[in-house]
Amino acid sequence: MELVSHFWGPQEIEVPWFTIDIEPDEVGGFIGDVHGNTTTYLRKTRHLDWSIQVGDFWGPFSVLRDLNPTRHLILPGNHEIFPKFWESSNTLPHWGVVQIGTVKAFFLGGGLSVDRGGRTPGKDWFPDEEAPFGQLYLAYLAYQLVKPNVLVCHEAPSLSLEWNKLKPMSLDPPFHIKSTTMQTLDLMLSAYRPETVYHGHWHQSAQCRKEGLLIRSLGILDVQVYPHEDPRRTNR
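Residues numbered from 1 in each chain as written. Predicted model: local features only at pLDDT ≥ 70, side-chain atom pairs only at ≥ 80, totals over all residues. Heavy atoms only, no water.

> Explain the overall build of the chain to me, and be specific about the residues and the numbers.
When you go through the chain residue by residue, the secondary structure sums to four helices and twelve strands. Since a compact globule built from 236 residues should have a radius of gyration of about 18 Å, the 17 Å found for the chain is in line with a globular shape. Its C-alpha atoms put the chain at 45 × 45 × 35 Å along the principal axes. Across the 236 residues of the chain, 53% fall into the buried class. Considering only residue pairs separated by 6 or more positions, the chain has 59% of its internal contacts joining residues 24 or more positions apart. Counting only carbon and sulfur atoms, one obtains 52% of the accessible surface of the chain, whose full area is about 10700 Å². (Helix = DSSP H or I, 4+ residues; strand = E, 2+ residues; numbered from the N terminus. Rg over C-alpha atoms; globule rule 2.2 N^0.38 Å. Buried < 20%, exposed > 50% of the residue type's maximum accessible area, 1.4 Å probe, protein only. Contact = heavy atoms within 4.5 Å. Areas by Shrake-Rupley, 256 points an atom, 1.4 Å probe, with all protein chains shown as cover.)

Laid out in C-alpha cells, this is it:
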C-alpha cells in the first residue's frame, strides 16, 4: 500500500492505494459476505487469480496465513472484530483504491448494523462499523478525483435498493435506516458514475443495468467474476 496525493483545490488528500499486478489472461472477482464461513471462502479463492471480498468476513483471520495479501483483499463490513480486523495483511482500510491492472476500483467499507440493539459492545458490535464522518468526507472528495472504473462497497447505495428491489433489512419492514455510509455512496454516484458497482451487506443476489450503470448486489459468498463471466470460476 502507498499513499497517493490528490488535491481538491488547496487541500491535499492522501489516498490509500493498493495495486494488484495481473496478466492479461488472469481472472479475478468480487466475493460476497462470509460471516465466518471461511472454508467456503477459501475454496472460492482457489478459482480466482485475485479477489476482493466485500466485508462481513468476521474471521478467524488465522485461516488467511497462506492467502497472498497482494492478490486477495478484504473490505471491512459492519460485522467485524475491530480493531483486530486490521491486524491481517489481507484487510483494507475503510476507503481507498485498488488498482487491478489498468482498472481503478474505489472501495468504501462499513455499514450500519440494524440489529445492534441485540448485540454486546466490544464483543459482537463495534463502533468502527462505519468510518468516522471526516473519513467519509475525504472518501467522497477522493472518489471524485480518482474517477474509478468500479465502485466496490459493503453497504449498498440507495439506487440498488430501488433498481434491484432489495428487501428491507430493517427490523420494522418496509422501512430502512439510511446509514451515513449509504448517504455517502449516494453522494458519490450523484457526483460521478463508474461502470459498475459491487456491494454486499444485503445478502441478496441481484443485478440491474440502467443509465449506463451496472449495480450488482452479492449474496452471501456469491462470486462475481471480473472483467467477464467465466462459468468455470463463478460460485464454485
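Text resumes after the structure shown.
> Explain helix H4 (residues 180–191) to me, and be specific about the residues and the numbers.
Between its terminal C-alpha atoms H4 stretches 17 Å, which fits the 16 Å expected from twelve residues at 1.5 Å a residue. Looking only at H4, the buried set comprises Thr181, Met182, Thr184, Leu185, Asp186, Met188 and Leu189. (Expected span 1.5 Å × (residues − 1).)

> Any chance you could break down the pairing of strand S2 (residues 11–20) for me, citing the residues and the numbers?
Consecutive residues of a regular strand have side chains that alternate between opposite faces of the sheet. In this sheet, S2 lies alongside strand S1 (residues 2–8) in antiparallel orientation, the contact comprising seven bridges. Residue His6 lies in a different strand from S2, and its bridge partner there is Ile13. Following S1, the chain reverses through two residues before pairing antiparallel with S2; Gly9 in that reversal takes a positive phi of roughly 65 degrees. By the bridge criterion, four bridges tie S2 to strand S6 (residues 95–100) in an arrangement that is parallel. (Pairing = 2+ DSSP bridges.)

> Please set out the environment of Leu73 residue by residue, giving values where relevant.
Along the chain, Leu73 falls in strand S5 (residues 72–74). Given the relative accessible area of 4%, Leu73 is considered buried. C-alpha of Leu73 to C-alpha of Gly55: the two residues are 18 residues apart in sequence and 9.8 Å apart in space. Residues contacting Leu73, with those up to four places away along its chain left out, are Ile20, Ser51, Ile52, Gln53, Asn90, Leu92 and Val98.

> Before we move on, can you summarise the pattern of salt bridges with the specific residues and values?
Enumeration over the complete set of coordinates arrives at four salt bridges. Glu87 is the partner of Lys84 in a salt bridge, and the nearest nitrogen-oxygen pair spans 3.6 Å. The exposed category is assigned to Glu87, whose relative accessible area is 60%. (Salt bridge = Lys/Arg side-chain N within 4 Å of Asp/Glu carboxyl O.)

> Could you give an account of the sheet that holds strand S4 (residues 50–53), naming the residues involved and the relevant values?
Reading across from one edge, S5-S4-S3-S12 is the order of the four strands in this open sheet, with mixed pairing throughout. Each edge of the open sheet is held by one strand with a lone partner, namely S5 and strand S12 (223–226). Neighbouring strand axes in the sheet, compared pairwise and without regard to direction, differ in orientation by 15 degrees on average. For strand S3 (residues 28–31) and S4, the ladder comprises four bridges, and the chain directions are parallel. Across the sheet, the residue bridging to Gly29 is Ser51, located in S4. (Axes fitted to C-alpha atoms, helices over the stretch in contact; angles between N-to-C directions.)

> Give a detailed account of the pairing of strand S10 (residues 206–210), specifying residues and quantitative values.
Strand direction decides the pairing type here: S10 and strand S11 (residues 213–217), joined by five bridges, are antiparallel. Bridge pairing in S11 links Cys208 to Ile215. The antiparallel pairing of S10 with S11 creates a hairpin that spans two residues between the two strands, and Glu211 there sits at a positive phi of about 50 degrees.

> Give me the lowdown on the packing of helix H2 (residues 133–146) against H4, citing residues and values where you can.
How two helices pack is summed up by the angle between their axes together with the distance between the axes. Interhelical geometry of H2 versus H4 gives an angle of 20 degrees and a closest axis separation of 10 Å. Comparing their axes, H4 and H2 come out roughly parallel. When the axes of H2 and H4 are compared, the crossing they make is right-handed. Residue-level contacts link Phe133, Leu136, Ala139, Tyr140, Tyr143 and Gln144 of H2 to Thr180, Thr181, Thr184, Leu187, Met188, Leu189 and Ala191 of H4. Along the lines of polarity and charge, the residues of the contact of H2 with H4 split into nine nonpolar, four polar and no charged. (Parallel < 35°, antiparallel > 145°, perpendicular 65-115°, else oblique. Left-handed = near helix turned anticlockwise from the far one by under 90°. Nonpolar A, V, L, I, M, F, W, Y, C, P; charged D, E, K, R; others polar.)

> Run through the packing of aromatic side chains, naming residues and quoting values.
Applying the stated criterion across every chain yields a total of 14 aromatic pairs. On the numbers, 5.8 Å between centres and 85 degrees between planes, the contact of Phe30 with Trp50 is edge-to-face. Of the two residues, Phe30 sits in strand S3 while Trp50 sits in strand S4, which places them 20 residues apart along the sequence. A centroid spacing of 6.1 Å and a plane angle of 15 degrees characterise the contact between Trp95 and Phe106, whose relative ring orientation is stacked. Placement of Trp95 in strand S6 and of Phe106 in strand S7 (residues 103–108) is noted, with a sequence separation of eleven residues between them. For Trp95, a relative accessible area of 4% gives the class buried. (Phe/Tyr/Trp six-rings, centres within 6.5 Å; stacked < 30°, edge-to-face > 60°.)

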